[in-house]
Amino acid sequence: MRLSPHVAILELPLQLAGRNEIIYPVAVLEDGSITLIDTGLPGQVALIRKALEELGGSLEQVRRIILTHQDIDHIGSLPELVRLTGAEVWAHAAEVPVIEGRRLPVKMSPERLKAMPEETRQQMERFLGSLGSLQVSRSLSDGEVLPLAGGTVVIFTPGHTPGHLSFFLSGPKLLVSGDELRVVEDQLVGPAPQATPDMPLALESMQKLVGLDIERVLCYHGGLFSDHPKERIAELASQIEQSS
Ligand SMILES: [Zn+2]
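The rules behind the values
Residues numbered from 1 in each chain as written. Predicted model: local features only at pLDDT ≥ 70, side-chain atom pairs only at ≥ 80, totals over all residues. Heavy atoms only, no water. Buried < 20%, exposed > 50% of the residue type's maximum accessible area, 1.4 Å probe, protein only. Helix = DSSP H or I, 4+ residues; strand = E, 2+ residues; numbered from the N terminus. Arc of directions from axis to C-beta. Contact = heavy atoms within 4.5 Å. Polar contact = N/O pair within 3.5 Å; in protein donor to acceptor, adjacent residues only side chain to side chain. Phe/Tyr/Trp six-rings, centres within 6.5 Å; stacked < 30°, edge-to-face > 60°. Lys NZ or Arg CZ within 6 Å of the ring centre and 35° of its normal. Pairing = 2+ DSSP bridges. Axes fitted to C-alpha atoms, helices over the stretch in contact; angles between N-to-C directions. Core = buried A, V, L, I, M, F, W, Y, C linked by side-chain atoms within 4.5 Å. 1 Å grid on protein atoms, 1.4 Å probe; cavity = no way out; pocket = protein on both sides within 12 Å on 5 of 7 lines; lining within 4 Å. Points joined across faces, edges and corners; volume = space filled by probe spheres on them. Nonpolar A, V, L, I, M, F, W, Y, C, P; charged D, E, K, R; others polar. Donors = N, O, S within 2.8 Å, 3.2 Å for Na, K, Ca; no water.

What follows concerns helix H7 (residues 199–206). Listing the buried residues of H7 in full gives Ala202, Ser205 and Met206. Buried residues along H7 cover an arc of 110 degrees about the axis, so they all sit on one side. Structural note: H7 exposes Pro200 and Glu204 on the side pointing more than 90 degrees away from its buried face.

Turning to the side chain of Ser177, a few remarks are in order. Its location among the elements puts Ser177 in strand E12 (residues 174–178). For Ser177, a relative accessible area of 0% puts it in the buried group. Excluding residues that lie within four positions of it along the chain, Ser177 makes contacts with His164, Ser166, Val217, Leu218 and Cys219.

This part is about the side chain of Gln44. Tracing the sequence through the fold places Gln44 in the loop between strand E5 (33–37) and helix H1 (45–54). Residue classification places Gln44 among the buried residues on the basis of a relative accessible area of 6%. Within the structure, Gln44 has its side chain in polar contact with the backbone oxygen of Pro13 (distance 2.7 Å). A polar contact of 2.8 Å, which involves the side chain of Gln44, links it to the backbone nitrogen of Leu41. What Gln44 contacts, discounting residues up to four positions off in sequence, is Leu12, Pro13, Ile23 and Ser77.

Once that is clear, we can look at the packing of aromatic side chains. Under the definition given, this model contains zero aromatic pairs. Geometry around Trp90 places Arg138 over its ring, the cationic atom sitting 4.5 Å from the centre.

One open sheet accounts for six strands, arranged E1-E4-E5-E6-E7-E8; its pairing is mixed. Each having just a single partner strand, strand E1 (7–9) and strand E8 (138–140) make up the two edges of the open sheet. Between one strand axis and the next, the sheet turns by 20 degrees as a mean value, whatever way the strands run. Across five bridges, strand E4 (residues 26–30) lies against E5 in antiparallel orientation. When the sheet's bridge partners are listed, Glu30 is paired in E5 with Ser33. The sheet strands contacting helix H3 (residues 78–85) are E5, strand E6 (62–66) and strand E7 (88–92), and the helix crosses E6 at an angle near 155 degrees.

Moving on: the nonpolar core. Inside soluble globular proteins, nonpolar side chains tend to come together where they are buried. Leu36, Leu52, Ile65 and Leu78 are the most contacted members of the largest nonpolar core, which has 38 residues in total. Take this core: its biggest share by element is four residues, from H1. With sequence-adjacent residues up to four places away left out, Ile65 is seen in contact with Leu36, Thr39, Leu78, Leu81, Val82, Ala87, Glu88, Val89 and Trp90. Within the second largest apolar cluster, 20 residues are counted, among which are Trp90, Leu146, Val154 and Leu218.

Under the defined criterion, the tally for this structure stands at one cavity of 30 Å³ or more. Around the largest cavity sit Tyr24, Pro25, Val26, Ile37, Asp38, Thr68, Val176, Gly178, Leu218, Cys219 and Tyr220, which together line it. Breaking the lining of the largest cavity down by element, the ones donating at least two residues are E12 and strand E15 (216–219). Residue composition of the lining of the largest cavity, grouped by class: eight nonpolar, two polar and one charged.

Our focus in this paragraph is the coordination of the zinc ion. Coordination of the zinc ion by the protein is provided by Asp73 (OD), His74 (NE2), Asp179 (OD) and His221 (NE2), with metal-donor distances spanning 2.1 to 2.4 Å. The sequence motif formed by the donor residues of the zinc ion is D-H-x104-D-x41-H. Here His221 lies in the loop between E15 and strand E16 (223–225) and His74 lies in helix H2 (residues 72–75), a separation of 147 residues in the sequence. Neither His74 nor His221 differs from the other in exposure class; each is buried.

As structure tokens, this is what we get:
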């Protein structure tokens, strides 16, 4: 779905650990090239290709892949996409060792791997091994403005993972929140507690989203939220202040 002349959201199915939902990577189509924000699960390149073609683009136009964070539903198709397109990979420095396969994901441990059913464990190990071919070409820092979609502000929002990023696309006034915000039952809420190792930090990060001129929020889990998002984000952030 196109949100503006240059910005579109992709819709990919997520079936993981008993969940069955849609996840929403972003494509910015500008100057004949495409920038993706997040890449879905392993094995979703064909779906991404089809979605880009429906937007009038092609997979071969993907030059840059920006990652909100290291979780498998965000970097799953990254190795295959990079292999096919040679795209640059941009992420926060704290996520780089995981994305490049040099460290286990923050929510994974040798014990957790061992406890997985044999087939799942093999799939996971294959995936983690495939990350070894990757190189992050650019580390993104808080407050940087990328020349993308009328100026895209990088917002460091750690907590869900150590190097989680959100992005404010100032052209379409769209906040791409990654997993820092979700839409649950039509309401904008904070990150999922069971998947957020440092919840206090994630809640503190939310303060940084207050005051942005946001018209719509795109949550990777839950999709678009456009019902007074600025007010709702301020409300979420103030509840946190009161509880701390
Ligand atoms: Zn996620």
